[in-house]
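# Descriptive structure summary
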Amino acid sequence: MRYPEFYMPGPGMIRGRRPLLCSFFTFIPVRESPASNDPRDRFGVKNMKGKILIIAGLLALVCMVMVAPVMASDASASTSVSGTVTKVVSLTTSSGAETITLTPGSTTHVSTVTLSASQNCAGTIAAKDALSSSKPSSTAGYMANYSTSSSTFDTAISPATQLTDKVALSGTTSGVYAAAAQITDLSQTSPASTLYTVSGGGSNSALGLDFSQRTEYADSILPNGYVYEIPVEFDYTCS
Amino acid sequence: MGISVYRCNLLKTALVVVVLLFFLTGHVSAITVEVTGNPQDWVFTQGSNENNLTVVHVSGTTDTWAVNVRDALDYGKKSSSAGRLLEYNPTEGNWVNTGSILSNNLTLVGPTATGQGLTGYSVALGPSDQLLEKGAGDQTWNVTLNQAITYNDPYLSNGHIYRVYLTLDVSEGT
């Protein structure tokens, strides 16, 4: 057998490396193979492969120890979050009741009342005569005589029970609130007349309202304790 | 040459061993992160909505770690909705890409517990990793979710819901 030149004694690098390996291997228990007793195996060639494998393994372990803290060991998790938004619609008026003076032969406008709207759905705002407080259906759309003492409508008094002309109402376009055509008949209930078309969610605390009332000379002056009044109801309907 | 063949074989063997060990140690990650208790039927009302049902469990390590969170735009979620809940059709199981997106990003807040070695951060969810929590060793902690709702967040009348997927990435040794 020809010995590898690597283990032959000689000058230079090979001679210098050998003692280093030997000194290192003194800490490694390696079972001597019979072949290592071969007198020709001056440098333990037969064990050398095993020893180098061991040192390679140790080197790998060193790599692991050194590299592991530096490397980021990553893991991931994924999950979902789901929910629904509750429907919210809010409508309020700035005034519960507005007192105006009606002048025969003219049209009186009232723009001091505003509408506050908040919603998270597109839809429409409609307006109609609420016919509340015992207001007769025959007076729908009209201002009718109202007893301030009993807080109800009183159609029994003579001569007039309601004004000649109906109340008209219009809005003012603002943002998602598009004013519809002026409502000239608040008696419509199925469906109620559209005041605003709302294109989406939003909020406006001062939507313009314009009530107008034409007064005729034929419209009677009411006795004390009575006024002409109409209760107006606003409804928001999501589309 | 004999020396070349022998030396080459040894080097090959050593190299294979080193590479195998390197990959075994480098690619088998011990650290894990689990998420449980997430809201699936969260009812949002106007204003601030808070939920702390989400539980994160980091395990398999004694080292320090950091957890980042992102909206990975899973399942084709459109990029313009990154960090925000997007309309989702639960019947068909897909995003409604022409649908509504909540106005505000989902916010996540990790807890800070000095005694427990946890440091939390507030994160407005986005498409990139953002640090949510730092700690060490095995830890279980709750994430607080915040979702602000305005009137501009549409009510969905078609049975659809709003949804976002959270991806939590944990890195060890940071």
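You'll find the structure just up there.
A short tour of the structure in this document, coming up. (Residues numbered from 1 in each chain as written. Chains lettered and ligands numbered in written order. Predicted model: local features only at pLDDT ≥ 70, side-chain atom pairs only at ≥ 80, totals over all residues.)

### Quick notes on the overall build of chain A
Put simply, the rule reads: Numbered from the N terminus, helices here are DSSP runs of H or I no shorter than four residues, and strands are runs of E no shorter than two. Here exposure depends only on C-beta density: within 10 Å of a residue's C-beta, 20 or more other C-beta atoms make it buried, 12 or fewer make it exposed, and intermediate numbers make it partly exposed, the C-beta atoms being placed from the backbone. By definition, residues are in contact whenever their C-beta atoms, placed on the basis of the backbone, come within 7 Å of each other.
Summing up its helical and strand segments, chain A has two helices and 13 strands in all. Relative to its full complement of 239 residues, chain A shows a buried share of 22%. Across chain A, every contact between residues at least 6 apart in sequence was considered, and the portion connecting residues at least 24 apart equals 68%.

### Concerning the sheet that holds strand β6 (residues 144-147) of chain A
In a beta sheet, neighbouring strands pair by backbone hydrogen bonds and run either parallel or antiparallel. All names here are of chain A. Put simply, the test is: A pair of strands counts as paired when DSSP detects no fewer than two bridges linking them.
Spatially, three strands are ordered β7-β6-β12 in an open sheet, and the strand pairing comes out antiparallel. Two strands bound the open sheet, and with one partner strand each, they are β7 (152-153) and β12 (226-229). Here β6 runs beside β7; their pairing, made up of two bridges, is antiparallel. Pairing of Ser147 across the sheet is with Thr152, part of β7.

### As for the pairing of strand β4 (residues 64-70) of chain B
Residue and element names in this part refer to chain B. The buried count for β4 comes to six of seven residues, which makes it a mostly enclosed element. Of the pairings in the sheet, the one linking β4 to strand β10 (residues 130-136) comprises six bridges and is antiparallel in character. Pairing of Asn68 across the sheet is with Leu131, part of β10.

### A few points about the environment of B:Glu133
Residues and elements named next belong to chain B. Secondary-structure assignment places Glu133 in strand β10. The exposure class assigned to Glu133 is buried, which follows from the 26 C-beta atoms found within 10 Å. When the C-alpha atoms of Glu133 and Ala66 are compared, they prove to be 5.8 Å apart, with 67 residues separating the residues in sequence. Setting aside residues no more than four positions away along its own chain, Glu133 makes contact with Val67, Gly110, Leu118, Gly120, Tyr121 and Trp141.

### A look at unusual backbone geometry
All names here are of chain A. Ser190 connects to Pro191 through a cis peptide bond whose omega is -5°. Turning to its location among the elements, Pro191 is positioned in the loop between β9 (177-179) and β10 (193-198). The backbone of Ser134 shows a phi angle near 65°, a positive value even though the residue is not glycine. Position of Ser134 among the secondary structure elements: in the loop between β5 (123-129) and β6.

### Things to note about the environment of A:Val227
Locating A:Val227 in the fold gives a position in strand β12. Since 16 C-beta atoms lie within 10 Å of it, A:Val227 is described here as partly exposed.

Scope: geometric values only; no functional claims are made or implied.
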